[in-house]
Amino acid sequence: MSRVVLIGSQWGDEGKGKVTDFLGQQADVVVRSQGGNNAGHTIIIGEEKFALQTIPSGIFNPKIKNVLANGMVINPKRALEELKNLEKRGITDYQLFISNRAHVIMPYHLDMDGAYEKFKGDNKIGTTKKGIGPCYSDKSNRIGIRMGDLVEPISLRDALENALPIKNMELESLGLKPYNFRELYEEYVEIGKKFAPFVCDTSELLQEEIEKNSNILFEGAQGTMLCLDHGTYPYVTSSSPTAASVPVNAGVPPQAIDHVVGICKAYTTRVGEGPFATELKNHLGDLIRERGHEYGTVTKRPRRVGYLDLVVVNYAKRISGIDSLALMLLDVLTGIDELKICVGYKLDGKRINTIPATLRDYSRCEPIYIDLPSWKEDITNVTNYDELPANAKNYVETIEKVTGIPVDIISIGAERNSTIIRRNIFKI
Ligand code: IMP
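In this text, all values refer to a predicted model and were calculated from it rather than measured experimentally. (Residues numbered from 1 in each chain as written. Predicted model: local features only at pLDDT ≥ 70, side-chain atom pairs only at ≥ 80, totals over all residues. Heavy atoms only, no water.)

Trainee: Looking at this structure, how should I read the overall build of the protein?
Mentor: Helix and strand counts for the protein stand at 13 helices and 20 strands. The globule rule puts the C-alpha radius of gyration for 428 residues at 22 Å, and the 22 Å found for the protein is close to it. With respect to the principal axes defined by its C-alpha atoms, the protein has extents near 65 × 50 × 40 Å. Looking at the protein as a whole, 57% of its 428 residues qualify as buried. Long-range pairs, those at least 24 residues apart, make up 76% of the contacts in the protein with a sequence separation of at least 6. Of the accessible surface of the protein, which amounts to about 17,800 Å², a share of 49% is contributed by carbon and sulfur atoms. Put simply, the protein has 52 plus and 55 minus side-chain charges, and the middle of one group is 3 Å from the middle of the other. (Helix = DSSP H or I, 4+ residues; strand = E, 2+ residues; numbered from the N terminus. Rg over C-alpha atoms; globule rule 2.2 N^0.38 Å. Buried < 20%, exposed > 50% of the residue type's maximum accessible area, 1.4 Å probe, protein only. Contact = heavy atoms within 4.5 Å. Areas by Shrake-Rupley, 256 points an atom, 1.4 Å probe, with all protein chains shown as cover. Lys, Arg positive; Asp, Glu negative; His and termini not counted. Charge placed at Lys NZ, Arg CZ, Asp CG, Glu CD.)

Structure (structure tokens):
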């Protein structure tokens, strides 16, 4: 298996950063293909903790080619800041390639993200306010600015001349300040110069790597339930964080994907608004939040916490064809007496095993739980699956039974080596 996709099988924040970093050690190329700096991947290497938002996690290894592909939206100011911070901490030897077709998050996208949320009031989405939605809207509306434009002053001028009059009209109608063309143009020409060494046709680069049979890791951001098409619309992000989106968003053929790994927390969390059937609004939810450090990497917001919902994971399996699960943060559940897993929903007196399309139906779903025995033994130093307490193994194997997906990776702590590997994904 040389080309592996990692996706979030819940509402994001499943711990993809750790798995990407872990599997990235065997990868020649690490690719991000959707989203932007709304993602936050925390990576712990030895004593050091790094928080990445735009840059792929392969950046720490000078041998790995890191790709930001065409399906991404990139805030160039924030990406530069991230690179500078990495450089300050000694990460100076890296390979970074940015697609000339990726879209640029402009300052007016940030203004609009904030304004839309404010106008929506109680119906706000709870976005990360990074301008993600407005940037993807401009892409669909064909008034976006792409990285290839950013690094070419004449193309930038043309693209901005096309977009800015419309954007200024929209800004003014929202009661926001319009932008001066010249000032914005000159500022972004300068920013573009800094990106010139990185911008290229990343689809072509990936094609070459596929021909060489390189190990390629496609690192998803967010999670299936935040998918614009398949998630809990409208409480979703503006891209598709599914395996199916990878070929379009990275410019590779669908046959290029060999294996899909779904990242799944041992419980469920979500940030922002929207239905959440297994949410725990009690002491247990608070306990899991504190133990699991469930606060947003990007916004620092406390995450909503709930029991593991396997309807969600099975839905992600249907959409993305998950071949392996990576079960994260299993150690957080140690010593929790009231362990439950949701295996179905009840809606209008009937059992359903899928996610209803409308918010009204989804918010009326009641979880159907199975109770599971807990374990008290500390599992943070376990290196081999067989050493796990019987009840922890039972928890893992129940997930396998209900989803039909093998749990090939189990994470029991933040560090790289706090990981139990049952099958080597690149060698399956
Ligand atoms: P946006 O992506 O900033 O537009 O936010 C839309 C929704 O997706 C909000 O509920 C955010 O909290 C959520 N979201 C966006 N990115 C992430 C992520 O990386 N992890 C978890 N939730 C996210």
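Trainee: Hey, could you run me through the site of the ligand in this one?
Mentor: Lining the immediate environment of the ligand, one finds 15 residues, of which Asp13, Asn38, Thr128, Thr237 and Arg301 sit closest. A distance of 3.3 Å separates an oxygen atom of the ligand from a polar backbone atom of Gly126. A distance of 3.3 Å separates an oxygen atom of the ligand from a polar atom in the backbone of Val271. When the ligand is considered free in solution it has 470 Å² of accessible area, and contact with the protein chains removes 97% of it. (Near = heavy atom within 4 Å. Polar contact = N/O pair within 3.5 Å; in protein donor to acceptor, adjacent residues only side chain to side chain.)

Trainee: Whenever I open this one, the side chain of Asn37 confuses me. Can you help?
Mentor: Structurally, the position occupied by Asn37 is in the loop between strand S2 (29-32) and strand S3 (41-45). Judged by relative accessible area, Asn37 falls into the buried class, the value being 3%. Apart from the residues lying within four places of it in its own chain, the contact partners of Asn37 are Gln53, Thr54, Val73, Asn75, Arg78, Ile105, Lys130, Ile132 and Val298.

Trainee: Looking at this model, I keep getting lost on the side chain of Thr268. Mind explaining?
Mentor: Inspection of the secondary structure puts Thr268 in strand S12 (residues 268-270). Here Thr268 falls in the buried class, since its relative accessible area comes to 1%. A distance of 2.8 Å separates a polar side-chain atom of Thr268 from the backbone oxygen of Tyr307. Once residues lying within four places of it in the same chain are set aside, the contact partners of Thr268 are Gln10, Trp11, Phe276, Thr278, Arg304, Val305, Gly306, Tyr307, Leu308 and Asp309.

Trainee: Explain the nonpolar core here, please?
Mentor: Where a protein is soluble and globular, its nonpolar side chains tend to be buried together. Within the largest apolar cluster, 56 residues are counted, with the highest numbers of intra-cluster contacts made by Leu206, Phe218, Leu330 and Tyr395. If one sorts the elements of this core by residue count, helix H13 (residues 390-403) sits on top with four residues. Counting residues in each nonpolar core, the second largest holds 42 residues, with Val104, Tyr108, Tyr188 and Ile191 among its members. (Core = buried A, V, L, I, M, F, W, Y, C linked by side-chain atoms within 4.5 Å.)

Trainee: Just to check I follow, could you spell out helix H1 (residues 16-24) for this structure?
Mentor: Since the α-helix advances by 3.6 residues per turn, residues separated by three or four positions end up pointing in the same direction. Burial within H1 is extensive, with nine of its nine residues counted as buried. Of all the residues in H1, the buried ones are Lys16, Gly17, Lys18, Val19, Thr20, Asp21, Phe22, Leu23 and Gly24.

Trainee: I keep staring at the sheet that holds strand S7 (residues 95-99) and nothing clicks. Help me out?
Mentor: In sheet architecture, strand pairing relies on hydrogen bonds along the backbone and comes in two forms, parallel and antiparallel. One open sheet holds the 10 strands; their spatial order is S9-S7-S5-S2-S10-S1-S11-S15-S19-S20, and the pairing between them is mixed. The open sheet terminates on both sides in strands that have one partner only, identified here as strand S9 (199-200) and strand S20 (419-421). Lying over the sheet, helix H8 (residues 202-211) contacts strand S1 (3-8), S2, strand S5 (65-68), S7, S9 and strand S10 (216-219), oriented at roughly 140 degrees with respect to S5. (Pairing = 2+ DSSP bridges. Axes fitted to C-alpha atoms, helices over the stretch in contact; angles between N-to-C directions.)

Trainee: Honestly, the packing of aromatic side chains in this entry has me stumped. Any pointers?
Mentor: The description of an aromatic ring pair rests on the distance of the ring centres and on the angle between the ring planes. Throughout the structure, instances matching the rule amount to eight aromatic pairs. Between the aromatic rings of Phe50 and Phe60, the centroid separation amounts to 4.6 Å while the plane-to-plane angle is 55 degrees, which identifies the pairing as tilted. With a gap of 10 residues between them, Phe50 in strand S4 (residues 48-52) and Phe60 in the loop between S4 and S5 connect regions that are remote in the sequence. Assigned by exposure class, Phe50 and Phe60 land together as buried. Note on Tyr345 and Tyr362: the rings are 5.6 Å apart at their centroids and 45 degrees apart in plane angle, and the pair reads as tilted. Of this pair, Tyr345 sits in strand S16 (residues 339-347) while Tyr362 sits in helix H12 (residues 359-364), and the two are 17 residues apart along the sequence. (Phe/Tyr/Trp six-rings, centres within 6.5 Å; stacked < 30°, edge-to-face > 60°.)

Trainee: Where do I start with unusual backbone geometry in this structure?
Mentor: Trans is the prevailing form of peptide bonds, just as negative phi is the prevailing case for residues other than glycine. The linkage connecting Tyr233 with the following residue, Pro234, adopts the cis geometry, with an omega of 5 degrees. Within the element layout of this structure, Pro234 appears in the loop between S10 and helix H9 (246-250). Although it is not a glycine, Lys129 adopts a positive phi angle of roughly 60 degrees. Among the structural elements, Lys129 can be located in the loop between helix H3 (107-120) and helix H4 (132-140). Assessed through its relative accessible area of 48%, Lys129 is described here as partly exposed. Residue Asn213 is not a glycine yet carries a positive backbone phi of 60 degrees. Of note, Asn213 is situated in the loop between H8 and S10.

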